[in-house]
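Okay, here's what each chain looks like letter by letter:
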Amino acid sequence: MLSRTADHLFWMNRYTERAENTARMLSVNHETAMLPQSAAVALLGWQSLLSISELLPAYTARHGEVTPRDVMAFMVSDENNPSSIVSCLRAARENARAVRGSLTTEVWETQNQTWLEFKRMLRLGDLERDPARLLEWVKHRSHLSRGVTLGTMLVDEALHFMRLGTFLERADNTARLVDVKFHAVQSEFFGNADEKDRAYDFYHWSAILRSVSAFEIYRKVYRDVIRPERVAELLILRADMPRSLHASMAEVVKNLSLVAGESATEGIAETRHLAGKLLAELQYERIDDILATGLHAFLTKFLERVNDIGARISRDFLVPELA
């Protein structure tokens, strides 16, 4: 496959996944902001949302004070913010248009309709009128895109590059979400005997689980009250949790092997080695050991390694050689 075509397919799905992840984070923040809490704690939630995407400096340069309304607009409808939902959906659609001939009609029409309908909804004021409903719509369109892709695309290199983009983005986002949200709750909320704080604790972790569609999964797996260490275990180490780091890296390794095929170049072999090594560590790691050595340090290192793997994939497969 031409590297330029592979690049467009990879980024089409990566941007679609990023739009969904942003909608998920905004949705959970919108939900938790309605809980009884101090203004300082509520502000911390919106600041952490910007920190997850490394957008706090860009936001403050444009808006100054952090307010829920401005953060929502910045993350959803600001076309000057390259990580906003509108920018991600536009980039996904443009990448799809560039490789229209490599996609089925259903995949192209889903991407195109999502972009056109989202712009129409923004013009009609859906974000201001009912942000929760708009964010839910974005998530459902991403689900539809994945379903149409798996249901209509030939299982070949094109699909494998699309899946690579999806799961690299998902691994990156889940790691950022867990890292920032675990530090967003002050230490007094953990194990505090005060009933009000215990209630806040429950709703905080419930919202985090719901942001990755894991609330029902948690109940099924652990059948117990929601505990932070088990939330971390579910979102990091469980191979059967679709949005966990383990599950995401398993898909990255699988699809990386499929696009590499019999290639024995040194660069590709090293990329596969690094991805496989990271997956192996997630397979055999224990949450107690991670927490003992530091969750933040573990996730920071994970993000560095995932970003390195993404850069290597771009170099090995996606970026055309310059003459």
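Above this text sits the structure in question.
Thresholds, definitions, all that
- Residues numbered from 1 in each chain as written.
- Predicted model: local features only at pLDDT ≥ 70, side-chain atom pairs only at ≥ 80, totals over all residues.
- Heavy atoms only, no water.
- Helix = DSSP H or I, 4+ residues; strand = E, 2+ residues; numbered from the N terminus.
- Buried < 20%, exposed > 50% of the residue type's maximum accessible area, 1.4 Å probe, protein only.
- Areas by Shrake-Rupley, 256 points an atom, 1.4 Å probe, with all protein chains shown as cover.
- Lys, Arg positive; Asp, Glu negative; His and termini not counted.
- Charge placed at Lys NZ, Arg CZ, Asp CG, Glu CD.
- Axes fitted to C-alpha atoms, helices over the stretch in contact; angles between N-to-C directions.
- Parallel < 35°, antiparallel > 145°, perpendicular 65-115°, else oblique.
- Left-handed = near helix turned anticlockwise from the far one by under 90°.
- Contact = heavy atoms within 4.5 Å.
- Nonpolar A, V, L, I, M, F, W, Y, C, P; charged D, E, K, R; others polar.
- Core = buried A, V, L, I, M, F, W, Y, C linked by side-chain atoms within 4.5 Å.
- Salt bridge = Lys/Arg side-chain N within 4 Å of Asp/Glu carboxyl O.
- Phe/Tyr/Trp six-rings, centres within 6.5 Å; stacked < 30°, edge-to-face > 60°.
- Lys NZ or Arg CZ within 6 Å of the ring centre and 35° of its normal.

Caption draft 1: Region of the structure containing the overall build of the protein. Within the protein, the secondary structure is distributed over 16 helices and 0 strands. Seen through its principal axes, the protein has C-alpha atoms that stretch 65 × 50 × 40 Å. Considering the protein as a whole, with its 323 residues, one finds that 52% of them fall into the buried category. For the protein, the accessible surface area stands at approximately 15,200 Å², while carbon and sulfur atoms represent 52% of it. Treating the 40 positive side-chain charges of the protein as one cloud and the 44 negative ones as another, the clouds have centres 4 Å apart.

Caption draft 2: The arrangement of the packing of helix H1 (residues 3-32) against helix H4 (residues 68-76) in detail. Orientation of H1 relative to H4, taken along the N-to-C sense of each, is 165 degrees, at an axis distance of 11 Å. The orientation of H1 with respect to H4, classified from their angle, is roughly antiparallel. When the axes of H1 and H4 are compared, the crossing they make is left-handed. Contacts between H1 and H4 involve Thr 22, Leu 26 and His 30 from the first element and Met 72, Met 75 and Val 76 from the second. Along the lines of polarity and charge, the residues of the contact of H1 with H4 split into 4 nonpolar, 2 polar and no charged.

Caption draft 3: Summary view of the nonpolar core. Val 76, Ile 85, Phe 118, Ile 236 and Met 249 are the most contacted members of the largest nonpolar core, which has 83 residues in total. Among the elements that take part in this core, helix H9 (residues 157-184) stands out by supplying 10 residues, more than any other. Once you skip the residues sitting within four places of it in the chain, Met 249 turns out to touch Ala 275, Leu 278, Leu 279, Leu 282, Phe 302, Val 306 and Ile 309. Counting 12 residues, the second-largest nonpolar core is a separate cluster that includes Val 99, Val 107, Val 148 and Ala 158.

Caption draft 4: Representation of the pattern of salt bridges. Per the counting criterion, the structure on display carries 25 salt bridges. Residue Arg 62 is joined to Asp 78 by a salt bridge in which the shortest nitrogen-to-oxygen separation is 2.5 Å. Residue Arg 62 is located in helix H3 (residues 56-63), and its partner Asp 78 is located in the loop between H4 and helix H5 (85-98); the two are separated by 16 residues in the primary sequence. Judged by relative accessible area, which is 14%, Asp 78 ranks as buried.

Caption draft 5: Main features of the packing of aromatic side chains. Using the criterion set out here, one finds 6 aromatic pairs in the structure. Summarising the aromatic geometry, the rings of Phe 118 and Trp 137 are spaced 6.2 Å apart at their centres and angled 15 degrees between planes, so their arrangement reads as stacked. With Phe 118 in helix H6 (residues 105-123) and Trp 137 in helix H8 (residues 131-152), this residue pair connects regions lying 19 residues apart in the sequence. Their ring planes at 45 degrees and their centres at 4.8 Å tell us that Tyr 218 and Tyr 222 sit as a pair that is tilted. Here the residue Tyr 218 and the residue Tyr 222 both occupy positions in helix H11 (residues 215-222), the gap between them amounting to 4 residues, near one helical turn. A relative accessible area of 0% means that Tyr 218 is categorised as buried. An aromatic cluster of at least three residues, connected via ring pairs, comprises Phe 10, Trp 11 and Tyr 15. We note Arg 210 situated over the ring of Phe 215; from NZ or CZ to the ring centre the distance is 4.0 Å.

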